Amino acid sequence: MSTFYEKMGGEAFFADLVSQFYARVATDPILRPMYPDEDMKGAAQRLQWFLEQYWGGPTTYGDNRGHPRLRMRHAHFHIDTKARDAWLACMSAAVDGVDVNPVMREELWSYLEMAANSMVNQPD
Ligand code: HEM
């Protein structure tokens, strides 16, 4: 049984997805100011590590960052439904830009949508 990580194409797939995502975040008026790094390389690295680990790949995220506790790590960002929608729009375009079969795309997307909803921490 291979993992979702392997079936998707391993590190190359997640690197592609995350770099396409951050290329869009870099020009998004809501999201860009929330990311501190000048070039966002660190943020991209952390998201790639996290997604790889989540889908059964290497545990580099945990080795470097410990338990994800993502809601807690996002608590100091102002995430309302507008920010969530902006994040999902960048991610949707990234998912459209990578090579993935429709069944796996659906599984990936359901997870990302659910996770983004759970990160909202501000009322509208
Ligand atoms: C809903 C809208 C979201 C917004 C506005 C948002 C914003 C941010 C920001 C500003 C950071 C700090 C960047 C950095 O690492 O330096 C961050 C970190 C991170 N985000 Fe999000 N995020 C959102 C949703 C998500 C979702 C859905 C996931 C997972 C599927 C995710 C995974 C991560 C991870 C893994 C980190 C790095 C955590 C760490 O180890 O410090 N984010 N996010």
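Data block above holds the structure.
I will try to describe carefully the structure that is included in this document. The structure displayed is predicted, hence computed values, not measured ones.

With respect to the site of the ligand
In step 1: In the vicinity of the ligand lie 21 residues, with A43, R46, F50, W87 and A115 positioned nearest.
In step 2: Sorting the residues of the shell around the ligand by element identifies α3 (41–54), α5 (70–73), α6 (81–97) and α7 (102–119) as the ones contributing at least two each.
In step 3: Across the shell around the ligand, the residue classes break down as 15 nonpolar, 2 polar and 4 charged.

Quick notes on the nonpolar core
In step 1: In terms of nonpolar packing, the biggest core is built from 24 residues, with L17, V18, F21, C90 and A94 touching the most fellow members.
In step 2: For this core, the secondary-structure elements that each account for two or more residues are α2 (10–25), α3 and α6.
In step 3: With 7 residues, the top contributor of residues to this core is α2.
In step 4: Dropping the residues within four chain positions of it, L17 is found in contact with A94, V95 and V98.

Cut-offs used in this document
- Position numbers for residues start from 1 in each chain and track the written sequence from start to end.
- Reporting of local features is limited, given that this is a predicted model, to residues whose pLDDT is at least 70; pairs of side-chain atoms are given and counted only at 80 or more, and all residues count toward the totals for whole chains, interfaces and linings.
- The C-beta atom of each residue is placed using the backbone, and any residue whose C-beta lies within 6 Å of a molecule or strand is treated as near it.
- Going along the chain from the N terminus, every DSSP run of H or I of four or more residues is numbered as a helix, and every run of E of two or more is numbered as a strand.
- The residue classification treats Ala, Val, Leu, Ile, Met, Phe, Trp, Tyr, Cys and Pro as nonpolar and Asp, Glu, Lys and Arg as charged. All others, Gly included, are polar.
- Connectivity within a nonpolar core runs through C-beta atoms within 7 Å, and the core itself is a set of buried Ala, Val, Leu, Ile, Met, Phe, Trp, Tyr and Cys residues.
- Burial is judged by counting other C-beta atoms within 10 Å of a residue's own C-beta: 20 or more means buried, 12 or fewer means exposed, and anything between counts as partly exposed, with every C-beta placed from the backbone.
- By the convention adopted here, residues make contact when the C-beta atoms placed from their backbones lie within 7 Å.

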